[in-house]
Amino acid sequence: MAELTRKEVEELALLARLHLEPDELDRIGSELGTILAYFGTIAAVDTTDVPPMTHAVPVDLALRADDPAPSLPVAEALRGAPKRDGDLIVVPAIIPGSES
Amino acid sequence: MKPEFWSITETVKHVITGEITAQQIVDGALDRITFLDREVGAFLEVDKDGARKQAAEIDRKRAAGEPLGSLVGVPVALKDNLVTKDLVTTAGSKILEGWVPPYDATVVTKLRAAGAIIVGKTNLDEFGMGSSTERSAYKQTKNPWDPSRVPGGSSGGSAAAVSAGMCVASLGTDTGGSIRQPAAFCGIVGLKPTYGRVSRWGAVAFASSLDQIGPLTRTVADAAAVLQVIAGHDPRDATSLEAPVPSYVDALTGKVEGLRIGIPHEFFAAADESAGPEEEGLGFTPNPGPEEEGLGFTPNPGIEPEVRAAIERTIAALTERGAITVDISLPHTALALPAYYIVAPAEASSNLSRYDGVRYGKRVDASELLELYRRTRGAGFGPEVKRRIMLGTYALRSGYYDAYYKKAQQIRTLIKRDFDRAFRFCDVVLTPTTPGVAFQFGAKTSPLDMYLGDVFTLSCNLAGLPGINVPCGVTTGGLPIGVQLLGKPLDEPTLLRTAGVIESAVGLGTRRPSGAGGI
């Protein structure tokens, strides 16, 4: 695993929904290269026919009865919202150029 | 009376008999926090009013002859990634600065029901990502045994608070060692239960297939008493187990005759001095020992001599009491570190996608939604969290999933099979908890160097097993050393029983950290 290019790091930051400053892009790019090179060592391990572990202790698919029960009141659930209009959360334009 | 270093049993007994009121205990704990925490920095939030209200309610119940719980009057601190109704919860991150959750985590509800008094929220590495609590966005927490050293992490505040006698017990979370390692560094007991033993509902998620909540206490019996309360199935956590909860308190028989203790030679392999110093600025020694299965590296960064000696004394103390040691092999141990640091960041990158500035937490405004997400997250997350989100996003990205995440999950199966095989020949596995004792602030500069300190604690989470740290001595410099026991799934009773024997044979006794203020 070679060093990540600046473009790869920028793409990754977009996928991760992170705004990174130029110095952060440089630093994280170089750190990721080092860490991934180390972690790349697992590629050599033969895992033919080894099932991936999804959970540590086998549990049956947990389905519960569809019984209605009280849940968090709307006002409580919205208490931490940074910007509200009544029971709605306000966000800026979702499609660039449109109105919020 | 000096209630600050009472055990749970003593505290409960004195409250029930009325020798002391819950109010007096809480006032004592709050005074001690005020006095000591300016130096230690274990708490992010101290809930004086809430604690006094809970205490008053307990005293009222007692006076009225109403039933009292098994933790009645016990001051407990919570790692600040456990949500608390009407009490700020930050997970050590600026992105949740000032967030007041609208509900209690299941463990908090259970603690309150048992009469425990929540005194406050403790410091941690941001979202639990770290091994020193230096990655908290808020403050530094000092090790009560030596203020120039870290308390470990990520549950560093929880460990320091208990160690310094600011509360009787605390809860932490353990994703790769975050309960056991700070417990080792602070000279206390820390238990990571079997995955699914304790409900994670209301724990701020880091890596959902690895996270588990557990107690940090000064004694093994106290750990048993807290686990007794928090264990059990929770319909709100689909991964919590329905298995019945045994009596952990009764498990402490003080006997280990015939107990088979597995010593995994991979954990004790001597570091190869000839491997040479750091390579190409990696900031760590990538090949410190003999090759295993052609992997080209071992996980062992070298156990400090005083730690090794303390572990050997512990093993000797157990065999003197009738336990039998068994050499075992966990051949895939070397893969735990790379597998962990793929699985955990991958799951974290997904879990932390919820912090986007929309529904709760910090928001940085922008003219478009995508930019709002990116600006909010860029400003709200610290460097280690960003690094892990980037690493996790890389591992999960289209075309890389099989090479990283799936491969790492397959390696978890190999590690789990190693343990399954080993547990045919032994009842518990014994290792050092950490390669060394508490380190100085700023000592671990590269991310990998920090990650390597976790080599002994990670496999437990990857395999979903229970693990416990028990103090087993102090260095000549006066720093605590911890031994780790790993058990079969749901076999916390055997872990606690063995830990209890270690505690009475080679534990710290009444030795307290100097940073406990000498009071």
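Attention here is on the structure that accompanies the text. (Residues numbered from 1 in each chain as written. Chains lettered and ligands numbered in written order. Predicted model: local features only at pLDDT ≥ 70, side-chain atom pairs only at ≥ 80, totals over all residues. Heavy atoms only, no water.)

### Some thoughts on the interface of chain B and chain A
With 69 residues of chain B at the interface, the matching set in chain A holds 54 residues. Among the residues chain B hides against chain A, the three largest losses belong to B:Arg374, B:Met390 and B:Tyr394. Together they make up 13% of the total. Where chain B meets chain A, there are 4 salt bridges. Seen at the junction of chain B and chain A, the total is 20 residue pairs in polar contact (both at pLDDT 80 or more). (Contact = heavy atoms within 4.5 Å. Buried area = accessible area lost by both parts, 1.4 Å probe. Salt bridge = Lys/Arg side-chain N within 4 Å of Asp/Glu carboxyl O. Polar contact = N/O pair within 3.5 Å; in protein donor to acceptor, adjacent residues only side chain to side chain.)

### Observations concerning the packing of helix H10 (residues 336-351) of chain B against helix H13 (residues 402-422) of chain B
Packed helix pairs are specified by the crossing angle of their axes together with the interaxial distance, meaning the distance between the axes. Residues and elements named next belong to chain B. H13 packs onto H10 with a crossing angle of 130° between their chain directions and a minimal axis gap of 9 Å. One element, H10, and the other, H13, form an angle in the oblique class. H10 and H13 meet at a crossing whose hand is left-handed. Between H10 and H13, the contacting residues are Ala-336, Ala-339, Ile-342, Val-343, Ala-346 and Glu-347 on the first element and Tyr-404, Tyr-405, Ala-408, Gln-409, Ile-411, Arg-412 and Ile-415 on the second. Across the contact of H10 with H13, the residue classes break down as 10 nonpolar, 1 polar and 2 charged. (Axes fitted to C-alpha atoms, helices over the stretch in contact; angles between N-to-C directions. Helix = DSSP H or I, 4+ residues; strand = E, 2+ residues; numbered from the N terminus. Parallel < 35°, antiparallel > 145°, perpendicular 65-115°, else oblique. Left-handed = near helix turned anticlockwise from the far one by under 90°. Nonpolar A, V, L, I, M, F, W, Y, C, P; charged D, E, K, R; others polar.)

### What to know about the sheet that holds strand E3 (residues 117-122) of chain B
Residue and element names in this part refer to chain B. In spatial order, the strands read E1-E3-E2-E4-E6-E5-E10-E11-E9-E7-E8; together these 11 strands make up an open sheet with mixed pairing. Each end of this open sheet is capped by a strand with a single partner; those strands are strand E1 (43-46) and strand E8 (324-328). The sheet shows a mean angle of 30° between the axes of neighbouring strands, taken without regard to direction. Where strand E2 (residues 75-79) and E3 come together, 5 bridges link them in parallel fashion. If you follow Val-76 over to E3, its bridge partner there is Ile-118. The strands that helix H4 (residues 106-113) touches are E2, E3, strand E4 (169-173) and strand E6 (213-217); relative to E2, the one it contacts most, it runs at about 175°. (Pairing = 2+ DSSP bridges.)

### Brief notes about the environment of B:Ser367
Here B:Ser367 lies in the loop between H10 and helix H11 (369-380). The spacing of B:Ser367 and B:Gly477 is 110 residues in sequence and 57 Å in space, taken between C-alpha atoms. Not counting residues within four places of it along the chain, the set of residues in contact with B:Ser367 comprises A:Pro92 and A:Ala93.

### Focus on the packing of helix H2 (residues 22-39) of chain A against helix H12 (residues 383-396) of chain B
Viewed as axis vectors pointing N to C, H2(A) and H12(B) meet at an angle of 55°, and their least axial separation amounts to 10 Å. As judged from the angle between their axes, H2(A) and H12(B) are oblique. H2(A) and H12(B) meet at a crossing whose hand is right-handed. Two secondary-structure elements touch here, H2(A) through A:Glu24, A:Arg27, A:Ile28, A:Glu31, A:Leu32, A:Ile35, A:Leu36 and A:Phe39 and H12(B) through B:Pro383, B:Lys386, B:Arg387, B:Met390, B:Leu391 and B:Tyr394. For the contact of H2(A) with H12(B), the class distribution of residues is 9 nonpolar, no polar and 5 charged.

### Points about helix H3 (residues 48-63) of chain B
All names here are of chain B. End to end, H3 covers 22 Å across 16 residues, agreeing with the expected 22 Å (1.5 Å per residue, within 8%). For H3, the full list of buried residues reads Gly-50, Ala-51, Gln-54, Ala-55 and Ile-58. Looking down the long axis of H3, one finds its buried residues gathered within 135° of arc, a one-sided arrangement. In H3, those exposed residues whose orientation departs by more than 90 degrees from the buried face are Asp-49, Lys-53 and Ala-63. The secondary structure elements touched by the buried residues of H3 are helix H1 (8-17), helix H2 (22-40), H4 and E3. Taken from the residues just after H3, Gly-65 is the one with a positive phi, measuring 75°. (Expected span 1.5 Å × (residues − 1). Buried < 20%, exposed > 50% of the residue type's maximum accessible area, 1.4 Å probe, protein only. Arc of directions from axis to C-beta.)

### Comments concerning the side chain of B:Ser154
Residues and elements named next belong to chain B. With respect to the helices, strands and loops of the structure, Ser-154 is situated in the loop between E3 and helix H5 (156-163). Owing to a relative accessible area of 0%, Ser-154 belongs among the buried residues under this scheme. For Ser-154, the side chain forms a polar contact with the side chain of Ser-178, separated by 2.8 Å. Discounting chain neighbours no more than four positions away, the residues touching Ser-154 are Lys-79, Asn-123, Leu-124, Asp-125, Gly-128, Met-129, Gly-130, Ser-131, Thr-133, Thr-173 and Ser-178.

### Some thoughts on H1(B)
Residues and elements named next belong to chain B. Every buried residue of H1 is listed here: Ile-8, Thr-11, Val-12, His-14 and Val-15. Each buried residue of H1 lies within a common arc of 165° when the element is viewed along its axis, so the set occupies one face. Those residues of H1 that are buried are in contact with H2, H3, E4 and helix H7 (220-230). In this structure Ser-7 caps H1, since a side-chain oxygen of it lies 3.4 Å from the backbone nitrogen of Thr-9.

### Focus on the pattern of salt bridges
Taken as a whole and assessed by the stated rule, the structure comprises 30 salt bridges over all chains. For the salt bridge of A:Arg79 with A:Glu76, the shortest nitrogen-to-oxygen distance reads 3.4 Å. With relative accessibility at 35%, the residue A:Arg79 sits in the partly exposed group. Using a relative accessible area of 22% as the deciding quantity, one classes A:Glu76 as partly exposed. In this structure, B:Glu57 engages B:Arg60 in a salt bridge whose closest nitrogen and oxygen atoms are separated by 2.9 Å. A residue pair is termed a helical-turn pair when its members lie 3 or 4 positions apart in one helix, as B:Glu57 and B:Arg60 do in helix H3 at 3 residues. In this structure B:Glu57 comes out as partly exposed when scored by relative accessible area, which is 35%. The exposure class of B:Arg60 is partly exposed, given its relative accessible area of 40%.

### A look at the pairing of strand E7 (residues 260-264) of chain B
All names here are of chain B. Among the 5 residues of E7, 4 are classified as buried, and the element is accordingly described as predominantly covered. Relative to E8, E7 is paired through 5 bridges, and the arrangement is parallel. Counted as the bridge partner of Ile-263 is Asp-327 from E8. When E7 meets strand E9 (residues 428-432), the two strands line up parallel, connected through 2 bridges. From the neighbouring strand, Ile-261 faces E9, where its bridge partner is Val-428.

### Examining the nonpolar core
Counting 173 residues, the largest nonpolar core has B:Leu111, B:Phe127 and B:Met390 as the members making the most contacts within it. In terms of residue count, H10(B) provides more of this core than any other element does, 10 residues in total. If we ignore the near neighbours within four places in the chain, the residues touching B:Met390 are A:Val9, A:Leu12, A:Ala13, A:Ala16, A:Leu18, A:Leu20, A:Ile28 and A:Leu32. (Core = buried A, V, L, I, M, F, W, Y, C linked by side-chain atoms within 4.5 Å.)

### Details of the side chain of B:Arg200
Residue and element names in this part refer to chain B. Topologically, Arg-200 is positioned in the loop between strand E5 (189-192) and E6. A relative accessible area of 16% places Arg-200 in the buried class. One polar contact links the side chain of Arg-200 to the main-chain carbonyl oxygen of Ser-208, over a distance of 3.5 Å. Excluding residues within four positions of it along the chain, Arg-200 makes contact with Tyr-195, Ser-208, Asp-211, Gln-212, Ile-213, Asp-237 and Thr-239.

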